[in-house]
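Inside the fold
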Amino acid sequence: VRAVRRRAKYIIIDLSPSEDCLVLHLGMSGSIRISGKSAQPEKRPHDHMEIDFRSGKRLIFNDPRRFGAVYLIPAPALDRHKAFVHLGPEPLEDGFSAAGLHARLKGRTMPIKQAIMDQSIVVGVGNIYACEALFRAGIRPTLAAGRVSLKRLEALAGHICAVLAEAIAAGGSSLRDHRRVDGDMGYFQHSFGVYDRAGEACPGCDCKPSRTGGIKRIVQGGRSTFYCPRKQS
Ligand SMILES: [Zn+2]
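Residues numbered from 1 in each chain as written. Predicted model: local features only at pLDDT ≥ 70, side-chain atom pairs only at ≥ 80, totals over all residues. Heavy atoms only, no water.

**Quick word on the nonpolar core**
If you look at the biggest cluster of nonpolar residues, it comprises 37 residues, and the most contacted ones within it are L105, I112, I116, L153, L156 and I160. No other element matches helix α3 (residues 127-137), which puts 8 residues into this core. Among the nonpolar cores identified, the runner-up in size contains 11 residues, and I12, C21, V23 and V123 belong to it. (Core = buried A, V, L, I, M, F, W, Y, C linked by side-chain atoms within 4.5 Å. Buried < 20%, exposed > 50% of the residue type's maximum accessible area, 1.4 Å probe, protein only. Helix = DSSP H or I, 4+ residues; strand = E, 2+ residues; numbered from the N terminus.)

**A word on the coordination of the zinc ion**
For a metal with four tetrahedral donors the ideal donor-metal-donor angle is 109.5 degrees, whereas six octahedral donors ideally subtend 90 or 180 degrees. Protein-derived coordination of the zinc ion comes from C202 (SG), C205 (SG), C207 (SG) and C228 (SG), at a distance range of 2.2 to 2.3 Å. Relative to the metal, the 4 donor atoms surrounding the zinc ion lie at angles of 101 to 118°, and the coordination shape comes out tetrahedral. For the zinc ion, the single-chain donor residues occur in sequence as C-x2-C-x1-C-x20-C. Residue C205 is classed as partly exposed on the basis of its relative accessible area, which comes to 24%. (Donors = N, O, S within 2.8 Å, 3.2 Å for Na, K, Ca; no water. Tetrahedral: all angles 85-135°; square planar, octahedral: opposite > 155°, others 65-115°.)

**Remarks on the pairing of strand β3 (residues 20-25)**
Consecutive residues of a regular strand have side chains that alternate between opposite faces of the sheet. In terms of burial, β3 is largely enclosed, as 6 of its 6 residues are buried. Alignment of strand β2 (residues 10-14) against β3, held across 5 bridges, turns out to be antiparallel. Bridging from a neighbouring strand, D14 pairs with C21 of β3. Counting the residues in the hairpin turn of β2 and β3 gives 5 residues, including E19, whose phi is positive at 60°. Pairing of β3 with strand β7 (residues 69-74) involves 6 bridges; the strand directions are antiparallel. When the bridges of β7 are listed, L22 appears paired with L72. (Pairing = 2+ DSSP bridges.)

**Things to note about the packing of aromatic side chains**
How two aromatic rings sit relative to each other is set out by the distance from centre to centre and by the angle between their planes. By the definition in use, this model includes 3 aromatic pairs. Aromatic pair Y10 and F84: ring centres 4.9 Å apart, planes at 45°, arrangement tilted. Remark: F84 occurs in the loop between β7 and α1 (98-105) and Y10 occurs in strand β2; sequence separation between them is 74 residues. For F84, a relative accessible area of 6% corresponds to the buried category. With a centroid separation of 5.6 Å and 75° between ring planes, the pair formed by F192 and Y195 is classed as edge-to-face. Through pairs of rings, three or more aromatic residues link up here, namely F192, Y195 and F226. Between the NZ or CZ atom of K231 and the centre of the ring of F135, over which it lies, the distance is 4.2 Å. (Phe/Tyr/Trp six-rings, centres within 6.5 Å; stacked < 30°, edge-to-face > 60°. Lys NZ or Arg CZ within 6 Å of the ring centre and 35° of its normal.)

**Considerations on the pairing of strand β5 (residues 47-52)**
Direction of pairing for β5 relative to strand β6 (residues 58-62): antiparallel, over a ladder of 5 bridges. Among the inter-strand pairings, M49 is bridged to a residue of β6, identified as F61. Here β5 folds back onto β6 in antiparallel fashion, the turn holding 5 residues, of which G56 has a positive phi close to 100°.

Right, here's the structure in full:
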């Protein structure tokens with residue numbers, strides 16, 4: 001193993017000397033655990049792949065719902081592989097900018113919330129983070145993506161980066177069964193402005209649940225969207 005990196009939802013393990021990449025996708029609820037040097041590592045239901053290292057450690061890929069994937073791809077062909085060829089930029093890397101976002105959204109009628117969750121436009125903005133970034137930017141999630149001005153996209157791009165950076169620092173947020181590689185549970189993040197808070201008042205705003213109904217929940221593309229109709233236009 002020369003390096004371990006990530007692109008969108010894929011974990012990429014660069015191998016040597018073969019110059020292949022072992023690519024893992026955890027699907028909905030898959031996990032990787034790395035066991036110590038004990039002679040008999042613990043077996044669990046849904047362990048689908050085991051890799052033994054010379055050190056005596058073992059990497060185990062567990063995938064209860066079988067939505068995960070494992071590929072072995074020659075490194076020079078990685079970018080052209082079907083898993084990677086259509087992916088947009090990483091929000092926390094240099095290729096992400098409001099100008100690039102503006103160009104990709106030009107003429108698009110899909111709602112801005114669904115656009116920023118579209119992996120071909122920008123990767124890694126999950127449902128919670130899309131709601132929170134749009135809330136902070138004051139942009140209504142139902143607005144047609146192509147009609148959001150460059151100035152507003154500049155604010156949105158900044159908030160996407162900030163929301164993701166905060167979530168990473170907090171150890172992630174979403175799945176209740178998420179586990180870290182050492183088997184401990186991930187941390188939970190409870191500091192959401194609008195997510196999962198329908199009917200409540202949003203922070204820093206004059207929305208009164210008794211008068212205005214507070215934070216609204218709607219469904220877009222089969223996913224829950226939370227927003228404040230007073231703050232987001
Ligand atoms: Zn509000």
